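# Notes for the structure review
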Amino acid sequence: MSYVPETDRRRVETLVDMTIHDATGIAARSRARVLKRLGRGDAVFRAITKASAIGVLIVLGAIFVSLIMGSALAFQTFGFDFFVTESWNPVTENFGARAPIVGTLVTSFIAMLIAVPIGLGIAIFLTELCPPILRRPIGIAIELLAGVPSIIYGIWGLFVFAPFMQEYVQPALIGAFGNVPVLSSLFAGPPYGIGVLTASLILAIMVLPFISAISRDVFETVPVLLKESAFGIGCTTWEVIRSVVIPYTSVGLLGGVMLGLGRALGETMAVTFVIGNAHRLSTSLLAPGTTISATIANEFTEATGDLYTSSLIALGLILFIITFIVLALARLLLMRLEKSAGS
Amino acid sequence: MAKDLRKYGGRRRTSTFVLGLCWLASGIGIAVLFIILLTLVYRGVGSLSTLVLTQDVPPPGATGGGLRNAIVGSLILTFLGTAIGTPIGILAGTYMAEYGRHARMTHVVRFINDILLSAPSIVMGLFVYGIMVRPMGHFSAYAGAASLAVLVIPIVVRTTENMLLLVPDQLREAASAIGMPRSLVIRHVAYKAAMAGMITGVLLAVARISGETAPLLFTALNNQFFSTDLNAPMSSLPAVIFQFALSPYERWQDLAWTGALLITAAVLTLSILARWLGSSGVKS
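All figures in this text were calculated on a predicted structure; none of them were measured in a lab.

## Topic: the overall build of chain A
Across its full length, chain A holds twelve helices and two strands. When the helices and strands of chain A are listed from N to C terminus, the series reads α-α-β-β-α-α-α-α-α-α-α-α-α-α. By the compact-globule yardstick of 20 Å for 343 residues, chain A is too spread out, its C-alpha radius of gyration being 32 Å. C-alpha extents for chain A along the principal axes are approximately 130 × 70 × 35 Å. The contacts in chain A between residues at least 6 apart in sequence include a share of 75% that link residues at least 24 apart.

Next comes the structure, spelled out in structure tokens:
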């Protein structure tokens, strides 16, 4: 080691000391800067995500506000009569929502009456009866069909199903029930093909995959142990389904059915093609009728005058409130199911 | 003993009978759904040719023509709707699964979102008519895309939240332990782990809106001519199907069937792709 004068050595040491000190200082400072920047980025990202979540709530609020503002004129003009008046006359500008409201409820009710038993049948078939090899393909096919756009069901209904109804089903119904006291009024009038019954059936076909898929999912939550115990004490397959599977899943099934009902109530295109758009209430299911969504779809772009447009928006508001209630109930039921399944 | 056996025979018969009804219900239900698809192919294939892709919709009563403007319009509207709705949906879903997992607001948003998920699409059309078409004074592709975006958001929110909740918390904790700030943990760890599921959600949303008709009827309206002007009415396949199917002209009706076939094929392809991606994501 060569000789280094004492003073120089001290000087070098100080220099090294200073450099090290400075370096840690710079590192600390830059790290603080980076952390601050990251922290800021964190806060910004958090704020953006939160704003988006609030945005979902705002969308719902905005829908309500926009519909209420749009329908104000109609409600001011007609008041409560809007709900009970049957007349829908663009010429005299006298509008009432009774026919579309009743039409919406009746078509959805009939559709559910048909789709729920068949949908449950398919769900039971898929969970209990189907050969295992076919279970997945059929299940997937039904789920895929649940995603087919409703206009497809509409165009099929118009070109294939309505002529079929006119040619075969409706004359048969008129012939069979024409002389039965109450039923004759349900199946009165000429077979147009299109009408309330045809629309209800199309609606049933459309919600069928949806109800089947959701009921199957619900059925699959039943513990195998429960079913096997029931089989073990000698229950037949049907008794297991009736006394174990369905009671166990009743809340979920009800929720699923309500979801299906929510869809049916708001469904537009499948119905618009085949309902006939007549603002006339008829006791006959074969007569043309209308629903809220079909009325809006058919008439909105052709509506002239503020009152006409406003009345259509008022119909939209009524539809939104009805479906909101049904869907909210459905979600509450399904949430109860999730909670009980989680515990 | 014999009485019990007789009783058991009765119960067996009941069971067989009801299960037979289930077979019947499945047979009828599945048959009807397949008849619809078969009719669609049968009626739609007739007019399916390259002309459909290269020519615009014909005038009333004319022969020939295709669906070019409607197809392009549908692509533009679907793309814009997805492009607007997806970021909002992903960010909202991120808040619900990451920052606000236990917040009260998350429960409220989830509840409202689930309702919006199944709310009638025609109401979304009325909503966008009220906030865009009326103030702007005319129908436009912008309004059409906005109404589709409103439909995209709930689907993407739902899948994003569910997929992020599936990401194991250990991954997040490991990333946090090496000093990553939360936003980077979410973007570089959680998003990456949930990527397949989130893309599935977007694909499902695209599938859903590509066949939507009702909200477009009074937002984007329809257009007989080829147009890429976003500030003007734009044609779309569903709107053309609606108009043509209800017309008395045979060529228009044929084109409506072809359009319906195209939409169904697109929707089914997207759904299958989404399923495939979703299932492959779970495995890895």
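## A closer look at the pattern of salt bridges
Residue and element names in this part refer to chain B. As enumerated under the stated definition, the model contains 14 salt bridges over all chains in all. Residue Arg 172 is joined to Glu 98 by a salt bridge in which the shortest nitrogen-to-oxygen separation is 2.8 Å. One end of the pair, Arg 172, is in helix α7 (residues 169–177); the other, Glu 98, is in helix α3 (residues 68–99), and 74 residues separate them in sequence. Given a relative accessible area of 4%, Glu 98 falls into the buried group. By sharing partners, the salt bridges in this structure join Glu 98, Arg 101, Asp 169, Arg 172 and Arg 182 into a single network.

## Quick look at the packing of aromatic side chains
Residue and element names in this part refer to chain A. Summed over all chains, the structure comprises 25 aromatic pairs over all chains. Centre to centre, the rings of Phe 177 and Phe 187 are 5.1 Å apart; their planes meet at 25°, and the pair counts as stacked. A residue pair is termed long-range when its members are at least 10 positions apart, and Phe 177 in helix α5 (residues 150–177) and Phe 187 in the loop between α6 (183–186) and α7 (196–219) qualify at ten residues. Taking relative accessible area as the criterion, Phe 187 reaches 12% and is therefore assigned buried.

## Quick look at the nonpolar core
Soluble globular proteins tend to pack their nonpolar side chains together in the buried interior. With 165 residues, the main nonpolar core has Ile 63 and Tyr 153 of chain A as its most contacted residues. Here this core takes 18 residues from helix α12 (residues 306–342) of chain A, the largest share from any one element. When residues no more than four places from it in sequence are discounted, the contact partners of Ile 63 of chain A are Phe 320 of chain A together with Leu 116, Val 123, Met 124 and Phe 127 of chain B. Ile 122 and Phe 125 of chain A together with Val 18 and Cys 22 of chain B belong to the second-largest nonpolar core, a separate cluster that totals 25 residues.

## Comments concerning the interface of chain A and chain B
Taken together, the contacts link 80 residues of chain A with 84 residues of chain B. The closest approach of N and O atoms between Arg 11 of chain B and Glu 239 of chain A, which form a salt bridge, is 2.7 Å. Across the contact surface, chain A and chain B share seven residue pairs in polar contact (both at pLDDT 80 or more). Ranked by the residues each element gives to the side of chain A that touches chain B, the list is headed by helix α1 (residues 6–78) of chain A, at 20 residues. The residue inventory of the side of chain A that touches chain B, partitioned by class, reads 55 nonpolar, 19 polar and six charged.

## So, the side chain of Ser 108 of chain A
Residues and elements named next belong to chain A. Secondary-structure assignment places Ser 108 in helix α3 (residues 98–129). Residue Ser 108 is classed as buried on the basis of its relative accessible area of 1%. In contact with Ser 108, other than residues within four places in its own chain, are Leu 203, Leu 261, Ala 264 and Leu 265.

Parameters at a glance
- For every chain, the first residue of the written sequence is number 1, and numbering continues from 1 onward in sequence order.
- Labels follow written order: the first chain is A, the first ligand is 1, and so on.
- Where local features are concerned, this predicted model is filtered to residues with pLDDT of at least 70; where side-chain atom pairs are given and counted, the filter is 80 or more; whole-chain, interface and lining totals use all residues.
- Excluding hydrogens and water, the side-chain figures rest on all heavy atoms present in the structure.
- In this description a helix means any DSSP run of H or I spanning at least four residues, a strand means any run of E spanning at least two, and both kinds are numbered starting from the N terminus.
- C-alpha atoms define the radius of gyration in this analysis, and the globule rule sets the expected value at 2.2 Å times the number of residues to the power 0.38.
- For this analysis, residues touch if any pair of their heavy atoms sits within 4.5 Å.
- Salt bridge, as used here, is a side-chain nitrogen of Lys or Arg placed within 4 Å of a carboxyl oxygen of Asp or Glu.
- Throughout, exposure labels follow a simple rule: accessible area from a 1.4 Å probe, protein chains only, divided by the maximum for the residue type, with under 20% read as buried, over 50% as exposed, and the rest as partly exposed.
- Aromatic pairing here means that ring centres of Phe, Tyr or Trp (its six-membered ring) are within 6.5 Å. Orientation follows from the plane angle: under 30 degrees is stacked, over 60 is edge-to-face, and everything else is tilted.
- Residues grouped as a nonpolar core are buried Ala, Val, Leu, Ile, Met, Phe, Trp, Tyr and Cys residues, joined through side-chain atoms within 4.5 Å.
- Pairing of N or O atoms within 3.5 Å defines a polar contact, subject to two protein rules: one partner must be a possible hydrogen donor and the other a possible acceptor, and residues neighboring in sequence count only if both atoms are side-chain atoms.
- Classification convention: Asp, Glu, Lys, Arg as charged; Ala, Val, Leu, Ile, Met, Phe, Trp, Tyr, Cys, Pro as nonpolar; all other residues, Gly among them, as polar.

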